[in-house]
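# Results of the structural survey
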Number of protein chains: 2
Amino acid sequence: MTTVDGVSLPARLADPDEGISIEELGLAARNHALPLEALRYDVTPVGLHYLLIHYDIPDLDPGKHLLTVDGRVDHQLTLDLAALRARPRVTRRVTLECAGNGRALLTPRPISQPWLSEAVGTAEWTGTPLAPLLREAGLAPDAVDVVFTGADHGVERGVEQDYRRGLPVAEALREEVLLAYEMNGAPLLPQHGAPLRLVVPGWYGMAHVKWLTRITVLDREFDGYQNAVAYRLRSSADDPGVPVTRIEPRALVQPPGFPDFMSRTRVVRAGPRVVEGRAWSGHAPVTAVEATTDGGVTWEAATLDPAGSDADARWAWRRWRYEWPATPGRYVLGARATDASGRTQPVEQPWNRGGFANNLVQRVEVVVTGDA
Amino acid sequence: MTTVDGVSLPARLADPDEGISIEELGLAARNHALPLEALRYDVTPVGLHYLLIHYDIPDLDPGKHLLTVDGRVDHQLTLDLAALRARPRVTRRVTLECAGNGRALLTPRPISQPWLSEAVGTAEWTGTPLAPLLREAGLAPDAVDVVFTGADHGVERGVEQDYRRGLPVAEALREEVLLAYEMNGAPLLPQHGAPLRLVVPGWYGMAHVKWLTRITVLDREFDGYQNAVAYRLRSSADDPGVPVTRIEPRALVQPPGFPDFMSRTRVVRAGPRVVEGRAWSGHAPVTAVEATTDGGVTWEAATLDPAGSDADARWAWRRWRYEWPATPGRYVLGARATDASGRTQPVEQPWNRGGFANNLVQRVEVVVTGDA
């Protein structure tokens, strides 16, 4: 393990009433969220999908890019993009969400990428399934984790590293897992992992390794930084915690009306209105969405759009609608999703030391004005 | 003028040591910056160009979109996209920068979109020149300002409005000004003004009205919110100030080496290194760039790449390079551009109440480590 001194800040929680720091703002400026009005699109247009890049966007030449498969396999493989493109081609619509979504709204606030509620996006990912490639390489019977290495290089808490994540072998062998080289019908953009990335439908974004260079099969659990240190649900700094894995259910409101520039408070004209949004879960299909206009005190059932006829839409968000007879006053809109596993969203914050997998109900401030 | 009560926050400056507020963070999450490593690209890839959207991204149908030209003209015109596309077609490479770039680094900090140094991008804009269209409409001899109305709608400081900006008629008649319908060779993206926007090379971003619906010629100076209230250089709240217009010269360093995740401090291995970046000015061509490694105490001349042979590259940034014999230690890198008008960049902050047109020299923290 290579360490670098003097560049990393200690892990910490914000003091009560401590504003967002310049370092957090620097991450927010780089790693942008979905503007919430973009919930209107079934597939998020290019440039509006959320981004979380741990280090720098690497400068890779697609023509020279190679993927190596090694470790506990019978045959080490090396493939270029042409070889990957010659393999079976699949497109899946998948909603990705950052594991840290909602972090900046927690009290106390873990100091890291300061997401509000919008670290999400849905894309059509095209690539080749991973499982057949692993089978061709010949997985050893003692395989435990499959480690994915990206080309992005940096330092985190003093540890110099390529971004690297281990995935349990049973997850890596799911038929939905893709080695993706296109997004929304075009070659991957630099910031989304060009020329090759992993897509693990249902898992938070940290599993979808970008700028993929190597796949290594281990006969043990991977103990690298991103699995053993970073993405864990811990109650305190000395709690070893449990791994962050699949996406908790979440519904987001597409803010109605029009906004104020600075406060982003919404203005809605009184009258019958339709409030709509999206809902998703990485654990099981969403089965219900409820809407609130009073910040979670009372709830009404919303109507879910039919699930896509395409089985591939299982991993994408679903639209929901709620008919709201808006009368003048101030409101706090929100929604909560429930999935077939029985998981739902809390109104009181869940909390862990890293601010991960937090699916607290969103709060959209709305002023309803009388008809002009 | 329509006003809306109870949704806008008062204009204010941050208290000393006041952290970034949740409202500022909300704007930073929506309106993203250029990740600085993307200075490597001559033309900024889709999705990495900075964005500043006052209200929501409108949902417009290109097939039904109409542009009206009215006011002090002989013939009112209405054009659809097909009519605009049938007119002469021009592509120009233009660097855009937000007028508020650098605001969040000011002391005291004006509370608004909290840009650090990266609110910039360069694109190839394709469209039809504006001037011939205005001449065909027949400008009245008493024309003073040309007002551009966008479809984005919201509230600012209590004033409900479509985004609307006036431009002096002499600027509107410059041959470089475009009605753009493509960016980087593809139809405009929703967040960049689809299906039609204005491009005013050399001016800060507020002049490049997106989602353009109407062009109105006035026989007086436009006194709407964005000209009379928002984008002005004021020394205090009661100073009427002067308008924000063209882009002040700026050079940015493409941060060398690799970053720490949280602090974004750079790690560079000792040895001969090339530091490079980009420089631009909206007033006149950049004539010199100097680099610093000690936060602006001492300066060395950098080498400017030749200007593009294409006259259209006049409005795009230029690459510069500086050979740096990096020895172990801590450094603060920066650069300053000087243009043919004699304008350059300050090391001590310029300051105005809105935090506009601030071209303070960037500070890139670097740790040079010994060879491994």
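Residues numbered from 1 in each chain as written. Chains lettered and ligands numbered in written order. Predicted model: local features only at pLDDT ≥ 70, side-chain atom pairs only at ≥ 80, totals over all residues.

## With respect to the overall build of chain A
In terms of regular secondary structure, chain A is built from five helices and 23 strands. Computed over the C-alpha atoms, the radius of gyration of chain A is 21 Å, within 12% of the 21 Å expected from 2.2 N^0.38 for a compact globule of 372 residues. Based on the C-alpha atoms only, the size of chain A along its principal axes is roughly 70 × 50 × 35 Å. Residues counted as buried form 52% of the 372 residues belonging to chain A. A separation of at least 24 residues holds for 73% of the contacts in chain A among residues at least 6 apart in sequence. (Helix = DSSP H or I, 4+ residues; strand = E, 2+ residues; numbered from the N terminus. Rg over C-alpha atoms; globule rule 2.2 N^0.38 Å. Buried ≥ 20, exposed ≤ 12 C-beta atoms within 10 Å, placed from the backbone. Contact = placed C-beta atoms within 7 Å.)

## A short note on the sheet that holds strand β15 (residues 258-259) of chain A
Within a sheet, adjacent strands bond to each other through the backbone by hydrogen bonds, running parallel or antiparallel. Residue and element names in this part refer to chain A. The sheet built from six strands is open, its strands ordered β15-β16-β23-β22-β18-β19 with mixed pairing. Each having just a single partner strand, β15 and β19 (300-301) make up the two edges of the open sheet. One ladder, built from four bridges, connects strand β16 (residues 266-269) with strand β23 (residues 364-369); its direction is parallel. The residue of β23 that forms the bridge with Arg269 is Thr369. (Pairing = 2+ DSSP bridges.)

## Some words on the environment of A:Arg234
Residues and elements named next belong to chain A. The topology assignment puts Arg234 in the loop between β12 (232-233) and β13 (242-243). In this structure the C-alpha to C-alpha distance between Arg234 and Trp351, which are 117 residues apart in sequence, comes to 9.0 Å. Once residues lying within four places of it in the same chain are set aside, the contact partners of Arg234 are Asp239, Gly241, Asn352, Arg353 and Gly354.

## Structural notes on the pairing of strand β2 (residues 66-71) of chain B
All names here are of chain B. Where β2 meets strand β3 (residues 77-80), four bridges bridge the pair, whose relative direction is antiparallel. When the sheet's bridge partners are listed, Leu66 is paired in β3 with Asp80. Where β2 and strand β11 (residues 212-218) come together, four bridges link them in parallel fashion. Considered in β11, the bridge of Thr68 is made with Arg214.

## Some thoughts on the domain arrangement of chain A
Residue and element names in this part refer to chain A. Splitting chain A by domain gives domain 1 (2-243) and domain 2 (250-369). In this complex, domain 1 contributes 32 residues to the contact, which on the side of domain 2 involves 23 residues. With four residues, strand β4 (residues 90-97) is the single largest residue contributor to the side of domain 1 that touches domain 2. (Domains from an automatic or database assignment.)

## Description of the interface of chain A and chain B
The interface is formed by 53 residues belonging to chain A together with 53 residues belonging to chain B. If you list the elements that add at least two residues to the side of chain A that touches chain B, you get α1 (22-30), β6 (145-156), β15 and β23 of chain A. Ranked by the residues each element gives to the side of chain A that touches chain B, the list is headed by α1(A), at six residues. Each residue belonging to the side of chain A that touches chain B can be placed in one class, and the counts come to 27 nonpolar, 15 polar and 11 charged. (Nonpolar A, V, L, I, M, F, W, Y, C, P; charged D, E, K, R; others polar.)

## Here we look at the nonpolar core
Soluble globular proteins tend to pack their nonpolar side chains together in the buried interior. In this structure, A:Tyr204 and B:Tyr204 are the most contacted members of the largest nonpolar core, which totals 199 residues. Sequence-distant contacts of B:Tyr204, that is, excluding residues within four places in its chain, are made with B:Glu97, B:Cys98, B:Ala99, B:Val244, B:Ile247 and B:Ala357. (Core = buried A, V, L, I, M, F, W, Y, C linked by C-beta atoms within 7 Å.)

## Re the pairing of β6(A)
All names here are of chain A. Of all 12 residues in β6, 11 are buried; the element is thus mostly enclosed. By the bridge criterion, nine bridges tie β6 to strand β7 (residues 159-168) in an arrangement that is antiparallel. Residue Val146 lies in a different strand from β7, and its bridge partner there is Leu167. In this antiparallel pair of consecutive strands, β6 and β7, the connection spans two residues, and Arg157 shows a positive phi of 45°.

## As for the sheet that holds β2(B)
The strand order across the open sheet built from six strands is β1-β7-β6-β11-β2-β3 (chain B), with neighbouring strands paired in mixed fashion. The strands lining the two open edges of the sheet, one partner per strand, are β1 (2-3) and β3 of chain B.

## Some thoughts on the relation of the copies chain A and chain B
With an RMSD of 0.0 Å, chain A superimposes on chain B once it is rotated by 180° and translated 0.0 Å along the axis. Expressed as a symmetry operation, the mapping of one chain copy onto the other fits a two-fold axis. Take the interface residues of chain A: 100% of them recur as interface residues in chain B, which is what a same-surface contact looks like. (Least-squares fit on C-alpha atoms with pLDDT ≥ 70 in both.)

## A closer look at the packing of α1(A) against helix α1 (residues 22-30) of chain B
Two elements in contact, α1(A) and α1(B), have axes whose closest approach is 7 Å; the angle formed by their N-to-C orientations is 30°. Taken as axis vectors, α1(A) and α1(B) run roughly parallel relative to one another. The element α1(A) and its partner α1(B) pack so that their crossing is right-handed. Contacts between α1(A) and α1(B) involve A:Leu25, A:Ala28 and A:Ala29 on the former and, on the latter, B:Leu25, B:Ala28 and B:Ala29. Counted by class, the contact of α1(A) with α1(B) contains six nonpolar, no polar and no charged residues. (Axes fitted to C-alpha atoms, helices over the stretch in contact; angles between N-to-C directions. Parallel < 35°, antiparallel > 145°, perpendicular 65-115°, else oblique. Left-handed = near helix turned anticlockwise from the far one by under 90°.)

## What about α1(A)?
Extensive coverage of α1(A) is indicated by the burial of seven of its nine residues. If you follow the buried residues of α1(A), they end up packed against α1 of chain B.

## Points about unusual backbone geometry
Here the bond from A:Thr107 into A:Pro108 is cis, since omega is -10°, no more than 30 degrees from zero. One can find A:Pro108 in the loop between β4 and β5 (120-129). Along the chain, B:Ala194 connects to B:Pro195 via a cis peptide bond; the corresponding omega equals 5°. In this structure, B:Pro195 sits in the loop between β9 (186-187) and β10 (197-199). Residues other than glycine seldom take positive phi values, yet A:Asn184 does so here, at roughly 50°. When you line up the elements, A:Asn184 lands in the loop between β8 (178-183) and β9 (186-187).

## Looking at the environment of B:Leu134
All names here are of chain B. Tracing the sequence through the fold places Leu134 in helix α3 (residues 130-137). The exposure class assigned to Leu134 is buried, which follows from the 21 C-beta atoms found within 10 Å. Ignoring any residue separated from it by four or fewer positions in sequence, one finds Leu134 in contact with Leu139, Ala172 and Leu173.

## Here we look at the environment of B:Pro325
Residues and elements named next belong to chain B. With respect to the helices and strands, the residue Pro325 is situated in strand β21 (residues 318-326). Under the C-beta neighbour-count criterion, Pro325 is labelled exposed, with 9 such atoms within 10 Å. Residues Pro325 and Ala270, 55 residues apart in the sequence, show an inter-C-alpha distance of 7.7 Å.

## Observations regarding the confidence of the model for chain A
Scored by pLDDT, chain A comes out at a mean of 96, with 98% of its residues at no less than 70. Both confidence scores are given for the complex: pTM 0.97, ipTM 0.96. (pLDDT = per-residue confidence, 0-100.)

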